[in-house]
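# A structural walkthrough
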There are 2 protein chains.
Amino acid sequence: MIAPEIKQQLKPIVGEKWFLDSPSELYAYSYDATPMYQALPDAVIMPASTREVSEILKIANRHKISIIPRGSGTNLAASTIPVQGGIVLNMNRFNRIYEIDTKNLTATVGPGVITADLHQAVEALGLFYPPDPGSMKISTIGGNMSQGAGGMRGLKYGVTKDYIMGLEYVLPSGEILRCGGKNVKDVAGYDMTRLLVGSEGTLAVVTEITLKLLPLPETKRTLVAFFTNLVDAARTVEKIIAAKIIPATVEFMDQGTMKVVDEYAGLGLPLELKSMLLIEQDGPEQLALRDIERIAEIARESGAAKVEAAKTSEEGAKLLTARRAALSALSRMKPTTIMEDATVPRSRLAEMVGEVERIAGKYGLQICTFGHAGDGNLHPTCMTDERNREEIERVEKAFAEIFQASIRLGGTITGEHGVGLAKMNYLHLKVGESGIELMRRIKEAFDPNHIMNPGKIFAAAERRRLVVKR
Amino acid sequence: MIAPEIKQQLKPIVGEKWFLDSPSELYAYSYDATPMYQALPDAVIMPASTREVSEILKIANRHKISIIPRGSGTNLAASTIPVQGGIVLNMNRFNRIYEIDTKNLTATVGPGVITADLHQAVEALGLFYPPDPGSMKISTIGGNMSQGAGGMRGLKYGVTKDYIMGLEYVLPSGEILRCGGKNVKDVAGYDMTRLLVGSEGTLAVVTEITLKLLPLPETKRTLVAFFTNLVDAARTVEKIIAAKIIPATVEFMDQGTMKVVDEYAGLGLPLELKSMLLIEQDGPEQLALRDIERIAEIARESGAAKVEAAKTSEEGAKLLTARRAALSALSRMKPTTIMEDATVPRSRLAEMVGEVERIAGKYGLQICTFGHAGDGNLHPTCMTDERNREEIERVEKAFAEIFQASIRLGGTITGEHGVGLAKMNYLHLKVGESGIELMRRIKEAFDPNHIMNPGKIFAAAERRRLVVKR
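Not measured: the values here are computed from a predicted model.

### Examining the overall build of chain A
- Within chain A, the regular secondary structure consists of 15 helices and 19 strands.
- Relative to the 2.2 N^0.38 estimate, which gives 23 Å for 470 residues, the radius of gyration of chain A is 22 Å and therefore close to what a compact globule would have.
- Looking at chain A as a whole, 65% of its 470 residues qualify as buried.
- Considering only residue pairs separated by 6 or more positions, chain A has 73% of its internal contacts joining residues 24 or more positions apart.
- Working note: accessible area of chain A is about 16,400 Å², and carbon and sulfur atoms make up 51% of it.
- Charged side chains in chain A number 57 positive and 57 negative. The centres of these two groups are separated by 1 Å.

Here it is as structure tokens:
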């Protein structure tokens, strides 16, 4: 609850129109894209300037009111659920591209800019912003930054964190700071930029982002390969890397995902086969072609049952769009779809896919697996029904085992989704209790009153996936 | 001073042989590669295992004895001067390459591995570790990590911080932690890896480093272009980028540097010209060739007086070696050589070189400028004599103005050397007093007793370049 007199201080900062607290408005901000998490905020504020953010934070900090910064809410870690109430700070009005600097190859944007809008704007100038998270048509750059979002081009180009060069941010105290900038090289003190990236709104509110751009690759070539088993697909990925080829994209789908995607997109995939790789190479035409031909050879040598190069770029784009639709397609199957994010070193891919299959079998669950094979980044996705309490308990147990397996194989509990509420339970597996304790102390350095997105990443008490209602 | 009874606790941890405290030994660790800074440690300890480091830190932390982690001491920011005495922790015995993982394209090494030794080891397997700081034949990977070292390949490939995937580190409390690993994607909590990179030994002691590798480029092509003025050289760099070409290396030398390097290496450079660019492109042969031809055209169009492609790879290598020798060559001219590290966004390069010339003139100093033009990373280097107090005061003033100029142009006070003691005076220009305060609080989170390399980056009191003797 926010006292009426505090509301009266907050409203004039943004104007009545941008201060929301009717029941239906609060309900709309009680959830994000993560299934089964929900909690009502006390207010939603939509600031439009850094100064407004600073004024809001000063008041919130003084009265110890929680602040939950949020973009489009497409995250899959329940990172923007207002689990302790407070103010959801909707940053969507920071939606301007301030500058695309073609000389320094940077873009400076508000955190509310939609990822795909940035893609379009820079590509129109022959430039390239590689990070392409699954939700890019809705997600914001601020959200991508906050979660450390990945995508399909991580292997060759890296992920969001590799493209954030500078930030303007506001501390809970209301102080406005800057870090990084347009310099390719900069080692003036600790890397605050990188510390804020992936911090899920637990440290500060980011109000401006400077991004690195690249020249747009000249062409793209796409190839699909189908396999009678998982091991051959994984071995193909290994052999491509061993041949010193780094493709732009190497996506994996298992048979379950292939079936659902094929039904959704009408691709005519050979559904009798067990797995498929979708591989893209970009660059100068000759080079992309040379690599794709060599990759096709490697796939055949590694036992692919069928290898097909896309004849046109439209055909290539269609295949990629179909892969992007995997989550949507799977979501149609059952009332609740839980998409997870287990990552292993690339060389352990086959083992990890095997573990997911074994664990799904053990708990009698329907889990399809797809993901970014080149990065060892898998998305085991469970089709279930949250109303079936007994099954949900099995789902919990199965995912706990999946994360333990990925850690055992040298992997991590989240490759590109973040920790939020959804992975809190497992963070110690990766960073240890001492690592969590150290992160907690770093948070204190930014946020001594614990107002920034409290209860996320390493909350004290509650550590179970559950429906939160207040 | 370390009390004799504490020395008696420390010695058995590493053995007498690796505990140094004779006057001549202490003297050898009283300086690093930064001119004009010196201070004696109380002891030098050379541990050989993480457990030994942990035991030493526990004792040091209990008795609040400073710990200065150090590799080969090639840093140019006075980051390893034991300015408050204490224990220099020489990490050179951690000099093993533990693993080169050709499947995951990673190398795991001790922090004491020499940079060039790693280059050799991975290149023998057809792999590539791009960071190539000037001191790479002597410097260690641990030192590179600690300072966030750069090099000549930053523009296309990034710098050290972009290649550190995982660390093992020891907190002052003696706790042993790990962060990151071999996963291409990993967002499990705050990015501790990147926070430790460039922290100059002020947070923890790093005992193991996992590095990212790339496939070794197939070929390299080298080109030199000479200009009658500075602006044309800078414009050439801009136009190359505008043509969507990202060369592996774009090095700049002014006339002063050209003369000295030519005398040193006997290259027969056209010394009547004012500046030169040394450009390298790597990749598949056809592509490297295509880019180099296009770059030669751009240089000519931008007014280059002379453009020459290296005929053989030996000729190219010789040119690059000569550029690498710039600091050594300049060091022969006068008793004291102060090499600085001012960085601006690439588009401000010409202005920055102009500012350095203007400021050198104003203070009647001999300053040569060379550096990584593609990164906007310049090394204005002053030939002086530390015994000439009056001149040194002018040097101080000139560099202060140079850093102010680089900040004014959107740049930073250090691109690849770090802050240490040498840049402490200027850090607030880049990150602000609030930024420094925040970094200080982050340090507290790691090092509540302030034992880790105290007095560096953001020390409280002393902020002037001076000879420190105890």
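Having seen the structure, we can now continue with the description.
### Examining the relation of the copies chain A and chain B
- Mapping chain A onto chain B is achieved by rotating through 180° and translating by 0.0 Å along the same axis, at an RMSD of 0.0 Å. Here the two chains are linked by the operation of a two-fold rotation axis. In terms of C-alpha distance to the rotation axis, chain A has I442 of chain A as its closest residue, with the C-alpha 2.8 Å off the axis.
- Take the interface residues of chain A: 100% of them recur as interface residues in chain B, which is what a same-surface contact looks like.

### A word on the sheet that holds strand β4 (residues 87-90) of chain A
Residue and element names in this part refer to chain A.
- Strand order across the open sheet formed by four strands is β1-β2-β4-β3, with mixed pairing between neighbours. Of all the strands in the sheet, the pair left with one neighbour each is β1 (19-20) and β3 (67-70).
- Where β1 meets strand β2 (residues 43-45), two bridges bridge the pair, whose relative direction is antiparallel. For L20, the partnering residue across the bridge sits in β2 and is V44.
- Against the sheet, helix α3 (residues 50-62) touches β2, β3 and β4, its axis set at about 155° to β3.

### Comments concerning the pattern of salt bridges
- Scanning the model with the defined rule gives 67 salt bridges over all chains in all.
- Its salt-bridge partner being E340 of chain A, residue K423 of chain A comes within 3.0 Å of it at the nearest N-O pair. Taken together, the residues K423 of chain A in the loop between α14 (389-408) and α15 (427-446) and E340 of chain A in the loop between β16 (336-339) and β17 (342-343) connect sequence positions 83 residues apart.
- With relative accessibility at 2%, the residue E340 of chain A sits in the buried group.
- Salt-bridge contacts for E437 of chain B lead to R440 of chain B; the nearest nitrogen and oxygen are separated by 3.5 Å. Taken together, the residues span about one helical turn, with E437 of chain B and R440 of chain B both in helix α15 (residues 427-446) at a distance of three residues.
- Assessed through its relative accessible area of 36%, E437 of chain B is described here as partly exposed.
- Bridged by salt links that share partners, the residues E99, D101 and K182 of chain A form one connected network.

### Topic: helix α8 (residues 230-242) of chain B
Residue and element names in this part refer to chain B.
- Helix length check: α8 (13 residues) gives 19 Å between terminal C-alpha atoms against 18 Å at 1.5 Å per residue, within 8%.
- Among the residues of α8, those classed as buried are L230, D232, A233, A234, T236, V237, E238, I240 and I241.
- Residues of α8 that are buried in the fold lie against α6 (154-157), β12 (219-227), β13 (249-254), β14 (275-283), α10 (285-301) and α13 (349-362).
- Sitting at the amino-terminal end of α8 is N229, which places a side-chain oxygen 3.2 Å from the backbone nitrogen of V231.
- Downstream of α8 by one or two residues, K244 has phi in the positive range, about 65°.

### Brief notes about the interface of chain A and chain B
- Across the boundary between the two partners, chain A contributes 78 residues, which contact 78 residues of chain B.
- Taken together, both faces of the contact between chain A and chain B bury some 6,300 Å²; the carbon and sulfur share is 59%.
- If you sort the residues of chain A by the area they bury against chain B, K185, V187 and Y190 of chain A come out on top, with a joint share of 16%.
- Across the chain A-chain B interface, the total number found is 12 salt bridges.
- One salt bridge connects E416 of chain B with K185 of chain A, and the closest N-O pair in it is separated by 2.9 Å.
- Between chain A and chain B we count 38 residue pairs in polar contact (both at pLDDT 80 or more) in total.
- Of all the secondary structure elements, the ones that give two or more residues to the side of chain A that touches chain B are β9 (176-180), α7 (192-196), α8 (230-242), α10 (285-301) and α15 of chain A.
- If you tally residues by element for the side of chain A that touches chain B, the top one is α15 of chain A, at 12 residues.
- A per-class count over the side of chain A that touches chain B returns 32 nonpolar, 28 polar and 18 charged.

### Quick look at the packing of helix α1 (residues 4-14) of chain B against helix α3 (residues 50-62) of chain B
All names here are of chain B.
- The contact between α1 and α3 brings their axes to 9 Å, and the two run at 170°. The angle between α1 and α3 places the two elements in the roughly antiparallel class. The segment α1 lies against α3, with I6, Q9, L10, I13 and V14 engaging E52, E55, I56, I59 and R62.
- Split into classes, the residues belonging to the contact of α1 with α3 amount to six nonpolar, one polar and three charged.

### Remarks on unusual backbone geometry
- Here the phi dihedral of I457 of chain A falls at roughly 65°; this positive angle occurs in a residue that is not glycine.
- Of note in the backbone geometry, M36 of chain B takes a positive phi value of approximately 75° without being a glycine.
- Mapped onto the secondary structure, M36 of chain B falls in the loop between α2 (23-28) and β2 (43-45).
- M36 of chain B gets classed as buried once you look at its relative accessible area, which sits at 6%.

### Description of the sheet that holds strand β9 (residues 176-180) of chain B
Residues and elements named next belong to chain B.
- In spatial order, the strands read β5-β6-β10-β8-β9; together these five strands make up an open sheet with antiparallel pairing. Of all strands in the sheet, those with a lone pairing partner are β5 (97-101) and β9, marking the two edges. Looking at each pair of strands side by side, their axes are set apart by 10° on average, direction ignored.
- Bridging between β5 and strand β6 (residues 106-109) involves four bridges; their strand directions are antiparallel. Bridge assignment links D101 to a residue of β6, and that residue is T106.
- Its contacts with the sheet put α3 on β8 (164-170), β9 and β10 (205-212), and the angle it makes with β8 is roughly 50°.

### Topic: the pairing of β6 of chain B
Residue and element names in this part refer to chain B.
- Side-chain alternation along β6 places T106 and T108 on one buried face and A107 and V109 on a second face that is also buried.
- In terms of strand pairing, β6 meets β10 through four bridges, oriented antiparallel. Among the inter-strand pairings, V109 is bridged to a residue of β10, identified as I209.

### Section: the UniProt feature "domain: FAD-binding PCMH-type" (unreviewed entry) in chain A
- As recorded in UniProt, the feature "domain: FAD-binding PCMH-type" (unreviewed entry) lies at residues 37-216 of chain A.
- Helix makes up 21% of residues 37-216 of chain A and strand 24%. Its end C-alpha atoms lie 39 Å apart.

The rules behind each value
- Residues numbered from 1 in each chain as written.
- Chains lettered and ligands numbered in written order.
- Predicted model: local features only at pLDDT ≥ 70, side-chain atom pairs only at ≥ 80, totals over all residues.
- Heavy atoms only, no water.
- Helix = DSSP H or I, 4+ residues; strand = E, 2+ residues; numbered from the N terminus.
- Rg over C-alpha atoms; globule rule 2.2 N^0.38 Å.
- Buried < 20%, exposed > 50% of the residue type's maximum accessible area, 1.4 Å probe, protein only.
- Contact = heavy atoms within 4.5 Å.
- Areas by Shrake-Rupley, 256 points an atom, 1.4 Å probe, with all protein chains shown as cover.
- Lys, Arg positive; Asp, Glu negative; His and termini not counted.
- Charge placed at Lys NZ, Arg CZ, Asp CG, Glu CD.
- Least-squares fit on C-alpha atoms with pLDDT ≥ 70 in both.
- Pairing = 2+ DSSP bridges.
- Axes fitted to C-alpha atoms, helices over the stretch in contact; angles between N-to-C directions.
- Salt bridge = Lys/Arg side-chain N within 4 Å of Asp/Glu carboxyl O.
- Expected span 1.5 Å × (residues − 1).
- Polar contact = N/O pair within 3.5 Å; in protein donor to acceptor, adjacent residues only side chain to side chain.
- Buried area = accessible area lost by both parts, 1.4 Å probe.
- Nonpolar A, V, L, I, M, F, W, Y, C, P; charged D, E, K, R; others polar.
- Parallel < 35°, antiparallel > 145°, perpendicular 65-115°, else oblique.
- UniProt positions renumbered as here; feature names shortened; annotations may be inferred.

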